[in-house]
Every structure is written in C-alpha cells, then in structure tokens.
Amino acid sequence: MEYTQDSVVSLISHLHTVTADFTNRRLPEKGKFVSSHGFILYLLSIEKQLSKKEIAERINRDKSTTTVLIRRLVEEGLVEEQSDKRDNRIKLISLTEKGRRMNSMTGEISKSLLDVCYRGFTEEEKSTLLSLLLKMNSNVERSLLD
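Everything numeric in this text was worked out from a predicted model, so none of it was measured.

Calculation notes
- Residues numbered from 1 in each chain as written.
- Predicted model: local features only at pLDDT ≥ 70, side-chain atom pairs only at ≥ 80, totals over all residues.
- Heavy atoms only, no water.
- Helix = DSSP H or I, 4+ residues; strand = E, 2+ residues; numbered from the N terminus.
- Buried < 20%, exposed > 50% of the residue type's maximum accessible area, 1.4 Å probe, protein only.
- Contact = heavy atoms within 4.5 Å.
- Areas by Shrake-Rupley, 256 points an atom, 1.4 Å probe, with all protein chains shown as cover.
- Lys, Arg positive; Asp, Glu negative; His and termini not counted.
- Charge placed at Lys NZ, Arg CZ, Asp CG, Glu CD.
- Expected span 1.5 Å × (residues − 1).
- Pairing = 2+ DSSP bridges.

**What about the overall build of the chain?**
When you go through the chain residue by residue, the secondary structure sums to six helices and three strands. For the chain, the succession of helices and strands along the chain, N to C, is α-α-β-α-α-β-β-α-α. Based on the C-alpha atoms only, the size of the chain along its principal axes is roughly 50 × 40 × 25 Å. For the chain, the proportion of its 146 residues judged to be buried stands at 28%. Sequence separation of 24 or more characterises 49% of the internal contacts of the chain that already satisfy a separation of 6 or more. For the chain, the accessible area works out to roughly 10500 Å², and carbon and sulfur atoms hold 52% of it. Averaging the locations of the 24 positively and 22 negatively charged side chains of the chain gives two centres separated by 6 Å.

Right, here's the structure in full:
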C-alpha cells in the first residue's frame, strides 16, 4: 500500500501490527507470551509495584484483559500479586526475581526491534520523529477529553 499524509494513521496502525509481530515471533522461543506481557514486565521494572488498574491504563487494555495477562505472568512465576494494605480490594503487582530476568531478555528483544526500526536514521531524525509522534499523541489524547 502507498501511504500518504491522509493515511498516516493507517501507517501507524500497520507499524504497530508489524512491530508486535516482530516481538511475538521472538517471544515464543522464551515461553507463551505476547508483547503486552513484555510491556507489563517493563512497567514493573520501572515502577516496582502497580495496581491492576494502573497497569490496565498504561497498557491501554480493559481490566478483564489485563487480569488475564497478569494471571499468566503469575502462573509463570514472573510477577506476584498481593493485596494493598490500605484497601484489600486493590491488588498490587510486582516483579519476582524470575520476572526481572525475563524483563532483561525482553529488553534485548526491544533493543533489537529499535535497531531494526531506526536503521538508517540520524540522531536528528530520531529526535524529530519522537517529537512529531508525541505531538500527534497529545492531540488525540486531548480530543478524547472533549
């Protein structure tokens, strides 16, 4: 397909699909995981502990889908779940040692994907791309609040 300025959103959607395919093709070698699992592990490596609701918001999935994703990570021993001391209804998720090792491996896959994506880009082009995508993202997010 030939993309134009009028079909840039379709291009972004296509890029999302092919990058997920890239990641997912490498993940089965490491277990039964999808890219959302890797993103959850990444988030927990930064935040240390998040509620299911916070994870759902950050990965842009509904709570039930997030619960299924987290359940898989718990079954694999990559994350642990505990009740919030202030409110037992809130479940807090954190990485286990095995999850930290897995996160390291998924980080390698992400770096490989970035290497492929940025092939032939200058540092200035990378910076410009980021700036433009952040601007576009902000525009769409603000429009959702209207």
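**Quick look at helix H4 (residues 63–75)**
With 13 residues, H4 extends 18 Å between its outermost C-alpha atoms, agreeing within 8% with the 18 Å of an ideal straight helix rising 1.5 Å per residue. Residues of H4 that are buried sit in contact with helix H2 (35–47), helix H3 (52–59), strand S2 (79–83) and strand S3 (91–95). One or two positions beyond H4, positive phi appears at glycine 77, with a value near 75 degrees.

**Description of the pairing of S3**
A regular strand places its side chains so that they alternate between the two faces of the sheet. With four of five residues buried, S3 is to be regarded as a mostly interior element. Relative to S3, strand S1 (residues 49–51) runs antiparallel, the two being bridged by three bridges. Bridge pairing links glutamine 49 to serine 94 in S3.

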